[in-house]
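One-letter residues, chain by chain:
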Amino acid sequence: MIMRCRQLVALCFVTTLSLPALAQSTPPPPGKPAPFEVPATQTFTLENGLAVTLIPYGSIPKTTVRLYTRVGNVHDTRGGLADVAYNLISEDGSHPKTQHSADKAAAMGGEVTTSVTEAYSTVEISVLSEHTTKALDLMSDLLAHYSPTQDTLTRVSETFARNMSIRATSPNGQASQAFGKAMFGDHPYAMPIPSQDDIMAITLEDVNGLIKQHVTANNSHLYISGVFDTSATQQAVMDAFAWMQSGTKNTFSTPAVAQPSQHFVERPDAPQSELRLGLQVPGPEHKDFVALDVMNTLLGGSFSSRITSNIREDKGYTYSPRSSLRVLPNAAYWAQGAAVTAEHTADSLSEIRKEIALLQADGVSDEELRGFKNYMSGLFVLRNSSRGGVISQLWYQELHNLPDDRLSKLMGMIDAVQPADVKRVANQYLPLDNMIRVVVGDPATVPAQLEALDSGE
Amino acid sequence: MKRLFYALCVMAAAIPSAWAITAKDIHTFTLDNGMQIMVLEDHSIPNANMYLFWRVGSRNEYPGITGLSHFFEHMMFNGSKNYGPKMFDRTMEAAGGSNNAYTTENSTVYTDWFPTEALETIFKLEADRIQYLDIDPQVVESERGVVTSERSTGLENSNFRFLWQEVKGAAFRAHPYSWPVIGHASDIANWSLEDLKQYHKTYYAPNNALVVIAGDVKLDNVKALAKKHFGPIPAQAPPREVHTVEPQQIGERRVYAHKPSVSTPNLMMAFHVPQTQHQDYYALAMLSDILATGNSSRLMRALVFEQQVATQVFTYFPMSIDPNLFYLYAVAANGVDVNTLEKAMISELNNIAKNGVSAQELEKVKNARLVSFYNDMSTINGKANTLGNYAFYFGDYAALFDAPKQYENVTVEDIQRVARTYLRKANRTVGILGSQEDSHETDL
């Protein structure tokens, strides 16, 4: 199966540019977005400090249990430690209560899954509603009695090392690595891809230490979403997670301001060049963030965004251009990425810069802006239309210390963004001279294009 | 384990909620021009969606125009009489909606998600591109570049896709499933405008479509809008039937491919199996689960956890109009020879063929199938896609509501029988993807 673009719903973009003269008709005036109510939640805190949020949601008899913890790759004392430690959670350990966990989860109609990001990690089980309390017990057992064996550690580390070696040699991995280094320097947010040696050096002591130190009550938040018995679930949480040490909530350092720079990574004979162009911008706590988000959606973050229209639809240089706002605790950046045909590397960069400049100079009409705001409102409804989606939105709000009513106000905040706001933030936060540029491509053909581009030929 | 299945059935019967829909909740009608439309009212959120299943995929192509079905998936967004270039996306997004599309060997599917009040706008957009698609030469050239880029990205980033096209090409010698959905590079470069116009006229006719609308809509309103906007689109002569039947494979086939970035060898096995409407479909689907769905599955347990000869294992068993392939895929662990991995996989397959599976093992995958089924039906998008797929591949959406019973009826004997019938050496094609050419001193 081949999809037109698989990631669109997960993206938030913006574009700016003059509309083409080819349109045969004008779209109907966009209407107001439909009202949507964020599901009601109930939050309580255990004596040890673990925050728990219950979200009665939907009617399908399933429940999703997800534990977020503020531990991620920025806490790696060895490259890849958080990934390996979390991958081991769903593996059989030496303690009897951690054995046959796959069978136990399967018997409840579910599976234990984990994920690791720069700043936080998750453990999740989705089960049939009748097994909600058993799922809580299973998750608790896997963490309380975390006891991986050396054999399992070796196997999991080898698999992770292999995946990292693949990533390190992919065009996307090469570009991301160079871009992260340029954006964050020595700060852990640079996220260098760990080496095989680093990963294979991870010990049982390392993984046990990471789980014990960081998977604590004050550093975690448990979300339960779906159809479940509220009082029984509340009691089950109190019973299952009372063992957790209180611990402390991790904080995150702020990276230094990045300096503009240009980087070329050689990839001999590459038929396409992988591009990154971006810079640091304010995070979601800043008053301009929503306007930035709208600007991003208009500039490169949707099918009809300006950059996508230009380099994909008009020129045919690329299949999957996208811009995004990447948000981390105490840091955020805007970036445009694309894999473009090698012969049009400089052309693509030139067009991207033109689109940014055009938005800065001419701004956006109210009508064009209204369309993108409606699109974002529509996405907001979709993102909140599943058990997992609601949890993700609530965690985002908490991780970035946003007000409790942020979600319920967000559609109104998007609606309030005006053309002048978009033009202002484009000028204020996307100065072209401050951009970091990374190009991964064929050294035989691409550097000459870049030289000509930079010299203004 | 058995208890869980019955518990699910009881819940399905007892909860009259949005997810527990029945065949009676589905409304169908056919326009005079032959377009079939299915409607499911679901008022859980103020949104709706429209899925358009077109009976055209790579099986409808022939050498010279391979990949054209997928190319149309792109062209359909590039302008029509009343909505020029870029206006489809722009209009839909301005109405608060979004869209996507995908192409398979059998179908091309367009998906629109939108606030309910945008329903008529969506009808207008879809009707216009069905009836009045503008096949502009300049746009075609630009889109060739986009598809070429997509092809390069896919082959470079996905070892599975790289090996898949090699194995398909070897397993099928006659049937159009032989070529990749995205097409051959030379065909992408050389389609003519006449090819495109003819293809659109033939396959994007209303009598070649199945439309599913689910969400916060009213049946009467959908009917009225469908008649108003889709009704005037003229029907066309039915497309040529695909009558090629792949000759029976009478011996193992092997392909070896190489790509410098491959870190450890990738192994694919593909066995010819019947089409989705065949009585063995459900048993094969469950065999697929038993082999590689979840960490407690046979191949995961044996190859990844116990023998540690693989780091990744999965099966791929696509729904299909014609007899197709049942795929097994594995990535070798570090330092493991691909022959060792292949032997280990074959040993597991032989074990099932010889000794069968346990009743408990079968019940576990039945439970998982049902949970997955309910998951699919938990959102309006999932409902529209699932309904459409069952209607498309089984010929009747009612098959969807029969599926839980069909899965429950599968026995351990059925699993062993289909393993013996289809997972045979003479019926398989083996593909190996390594980092270097498979050469030996004695080779030319």
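Quick note: structure is the one above.
Let us look at the structure shown here. (Residues numbered from 1 in each chain as written. Chains lettered and ligands numbered in written order. Predicted model: local features only at pLDDT ≥ 70, side-chain atom pairs only at ≥ 80, totals over all residues. Heavy atoms only, no water.)

Some words on the overall build of chain B
Logical step 1: A tally of regular secondary structure across chain B gives 16 helices and 11 strands.
Logical step 2: The globule rule puts the C-alpha radius of gyration for 444 residues at 22 Å, and the 23 Å found for chain B is close to it.
Logical step 3: Once the C-alpha set of chain B is aligned to its principal axes, its extents read approximately 65 × 60 × 35 Å.
Logical step 4: Relative to its full complement of 444 residues, chain B shows a buried share of 63%.
Logical step 5: For chain B, contacts bridging at least 24 residues in sequence account for 81% of all contacts bridging at least 6.
Logical step 6: For chain B, the exposed area adds up to about 16,600 Å²; of that, 50% sits on carbon and sulfur atoms.
Logical step 7: Charge centroids of chain B, computed over 39 positive and 48 negative side chains, lie 4 Å from each other. (Helix = DSSP H or I, 4+ residues; strand = E, 2+ residues; numbered from the N terminus. Rg over C-alpha atoms; globule rule 2.2 N^0.38 Å. Buried < 20%, exposed > 50% of the residue type's maximum accessible area, 1.4 Å probe, protein only. Contact = heavy atoms within 4.5 Å. Areas by Shrake-Rupley, 256 points an atom, 1.4 Å probe, with all protein chains shown as cover. Lys, Arg positive; Asp, Glu negative; His and termini not counted. Charge placed at Lys NZ, Arg CZ, Asp CG, Glu CD.)

Re unusual backbone geometry
Among all residues except glycine, the phi angle is most often negative; among peptide bonds, the trans geometry is most common.
Logical step 1: For D269 of chain A, which is not glycine, the phi dihedral falls at a positive 65 degrees.
Logical step 2: If you trace the backbone, D269 of chain A turns up in the loop between β8 (261-266) and β9 (272-280).
Logical step 3: One non-glycine residue, Q308 of chain B, lies in positive phi territory at about 55 degrees.
Logical step 4: The residue Q308 of chain B is located in the loop between α11 (298-306) and β9 (310-316) in this model.
Logical step 5: For Q308 of chain B, a relative accessible area of 29% puts it in the partly exposed group.

Some remarks on the packing of aromatic side chains
For any pair of aromatic rings, the description consists of the separation of the ring centres together with the inter-plane angle of the planes.
Residues and elements named next belong to chain B.
Logical step 1: Tallying each qualifying case throughout the model produces 35 aromatic pairs over all chains.
Logical step 2: Aromatic side chains W164 and Y327 sit 6.3 Å apart centroid to centroid with 80 degrees between the ring planes, which places their arrangement in the edge-to-face category. With W164 in helix α6 (residues 159-171) and Y327 in strand β10 (residues 324-332), the pair connects residues that are 163 residues apart, well separated along the chain.
Logical step 3: A residue is classified by how much of its surface remains accessible, and Y327, at 1% relative accessible area, is buried.
Logical step 4: On the numbers, 4.7 Å between centres and 50 degrees between planes, the contact of Y199 with Y203 is tilted. Here Y199 and its partner Y203 are both found in helix α8 (residues 193-203), four residues apart, which amounts to about one turn of the helix. Of the two residues examined, Y199 and Y203, each falls in the buried class.
Logical step 5: These aromatic residues form a ring-pair network of at least three members: W54, F72, F77, F88, Y110, Y199, Y203 and Y204.
Logical step 6: Against the face of Y132 rests K81, its NZ or CZ located 4.5 Å from the ring centre. (Phe/Tyr/Trp six-rings, centres within 6.5 Å; stacked < 30°, edge-to-face > 60°. Lys NZ or Arg CZ within 6 Å of the ring centre and 35° of its normal.)

Some details on the sheet that holds strand β2 (residues 42-45) of chain A
All names here are of chain A.
Logical step 1: In space, the six strands of this open sheet follow the order β2-β3-β7-β4-β6-β5, with mixed pairing throughout. Of all strands in the sheet, those with a lone pairing partner are β2 and β5 (112-116), marking the two edges. Here the average twist between neighbouring strands, direction ignored, is 15 degrees.
Logical step 2: This element, helix α13 (residues 387-399), spans β3 (51-56), β4 (62-69), β6 (121-128) and β7 (220-226) of the sheet and lies at about 25 degrees to β4. (Pairing = 2+ DSSP bridges. Axes fitted to C-alpha atoms, helices over the stretch in contact; angles between N-to-C directions.)

Some words on the sheet that holds β10 of chain B
Residue and element names in this part refer to chain B.
Logical step 1: Spatial ordering of the open sheet is given by β7-β11-β8-β10-β9, a layout of five strands whose pairing is mixed. Two strands in the sheet have a free side with no partner beyond their single neighbour: β7 (253-258) and β9. When the angles between neighbouring strand axes are averaged without regard to direction, this sheet yields 15 degrees.
Logical step 2: Bridging between strand β8 (residues 266-273) and strand β11 (residues 428-434) involves six bridges; their strand directions are antiparallel. When the bridges of β11 are listed, M269 appears paired with V430.

A closer look at helix α4 (residues 119-132) of chain B
All names here are of chain B.
Logical step 1: In this model α4 runs 20 Å from its N-terminal to its C-terminal C-alpha over 14 residues, within 8% of the 20 Å that 1.5 Å per residue would give.
Logical step 2: Taking burial as the measure, the 14 residues of α4 include 10 buried ones, the bulk of the element.
Logical step 3: Turning to α4, its buried residues are L119, T121, I122, F123, L125, E126, A127, D128, R129 and I130.
Logical step 4: In this structure, the buried residues of α4 make contact with β3 (47-54), α3 (87-94), β5 (108-115), α8, β6 (209-215) and α9 (219-230). (Expected span 1.5 Å × (residues − 1).)

Description of the packing of helix α2 (residues 68-75) of chain B against helix α5 (residues 137-157) of chain B
Packed helix pairs are characterised by how far apart their axes lie and by the angle those axes make with each other.
All names here are of chain B.
Logical step 1: The N-to-C vectors of α2 and α5 enclose an angle of 115 degrees; their axes lie 10 Å apart at closest approach. Here α2 runs over α5; the crossing is right-handed. Across the interface between the two elements, H70, F71, H74 and M75 from α2 touch V139, V140, E143, R144, V146, V147 and E150 from α5.
Logical step 2: Tallied by class, the residues present in the contact of α2 with α5 amount to six nonpolar, two polar and three charged. (Left-handed = near helix turned anticlockwise from the far one by under 90°. Nonpolar A, V, L, I, M, F, W, Y, C, P; charged D, E, K, R; others polar.)

As for the nonpolar core
The nonpolar side chains of a soluble globular protein tend to be buried, and buried together.
Logical step 1: Within the largest apolar cluster, 81 residues are counted, with the highest numbers of intra-cluster contacts made by L287, L291 and L303 of chain B.
Logical step 2: The element contributing the most residues to this core is helix α10 (residues 281-292) of chain B, with 10 residues.
Logical step 3: Those residues in contact with L303 of chain B that sit more than four places away from it in its chain are Q308, V309, A310, V313, L341, A344, M345 and E348 of chain B.
Logical step 4: Membership of the second largest hydrophobic core comes to 54 residues, among which are Y57, L299, L407 and L410 of chain A. (Core = buried A, V, L, I, M, F, W, Y, C linked by side-chain atoms within 4.5 Å.)

What about the environment of Q236 of chain B?
All names here are of chain B.
Logical step 1: Inspection of the secondary structure assignment puts Q236 in the loop between α9 and β7.
Logical step 2: Note on Q236: relative accessible area 25%, which makes it partly exposed.
Logical step 3: Measuring from C-alpha to C-alpha, the distance between Q236 and A174 comes to 28 Å, with 62 residues separating the pair along the chain.

Topic: the environment of H286 of chain A
Residues and elements named next belong to chain A.
Logical step 1: Here H286 is to be found in the loop between β9 and α9 (289-299).
Logical step 2: Judged by relative accessible area, which is 30%, H286 ranks as partly exposed.
Logical step 3: Between the alpha carbons of H286 and F44 there is a distance of 28 Å; along the sequence they are 242 residues apart.

Quick word on the pattern of salt bridges
Logical step 1: Tallied over the full model, the rule gives 33 salt bridges over all chains.
Logical step 2: Residue R424 of chain A pairs with D288 of chain A through a salt bridge whose shortest N-O separation is 2.9 Å. Of this pair, R424 of chain A sits in helix α15 (residues 419-429) while D288 of chain A is found in the loop between β9 and α9, placing the two residues 136 residues apart along the sequence.
Logical step 3: Classification of R424 of chain A by relative accessible area gives partly exposed; the value is 33%.
Logical step 4: Owing to a relative accessible area of 3%, D288 of chain A belongs among the buried residues under this scheme.
Logical step 5: Notably, a salt bridge pairs R417 of chain B with D280 of chain B, separated by 2.9 Å at the nearest N-O pair. Residue R417 of chain B is found in helix α16 (residues 412-422), and its partner D280 of chain B is found in the loop between β8 and α10; the two are separated by 137 residues along the sequence.
Logical step 6: Its relative accessible area of 35% is what places R417 of chain B among the partly exposed residues.
Logical step 7: Exposure remark for D280 of chain B: the relative accessible area of 3% places this residue in the buried category. (Salt bridge = Lys/Arg side-chain N within 4 Å of Asp/Glu carboxyl O.)

Here we look at the pairing of β8 of chain B
All names here are of chain B.
Logical step 1: With eight of its eight residues buried, β8 lies for the most part within the structure.
Logical step 2: Side chains N266, M268, A270 and H272 of β8 all project onto a buried face; the interleaved residues L267, M269, F271 and V273 project onto the opposite face, where all are buried too.
Logical step 3: Pairing of β8 with β10, which is carried by eight bridges, proceeds in the antiparallel orientation. Residue pairing for β10: H272 is matched across the bridge by L325.

Comments concerning the packing of helix α14 (residues 380-394) of chain B against helix α15 (residues 398-409) of chain B
All names here are of chain B.
Logical step 1: Packing of α14 against α15 leaves a shortest axis separation of 9 Å and a crossing angle of 80 degrees. One finds that α14 runs roughly perpendicular with respect to α15. Contacts between α14 and α15 pair T386, L387, Y390 and F394 from the former with A399, L400, F401, A403 and Y407 from the latter.
Logical step 2: A breakdown of the residues in the contact of α14 with α15 according to their chemical character gives eight nonpolar, one polar and no charged. (Parallel < 35°, antiparallel > 145°, perpendicular 65-115°, else oblique.)

Such coordinate-based values are descriptive only and should not be taken to indicate function.
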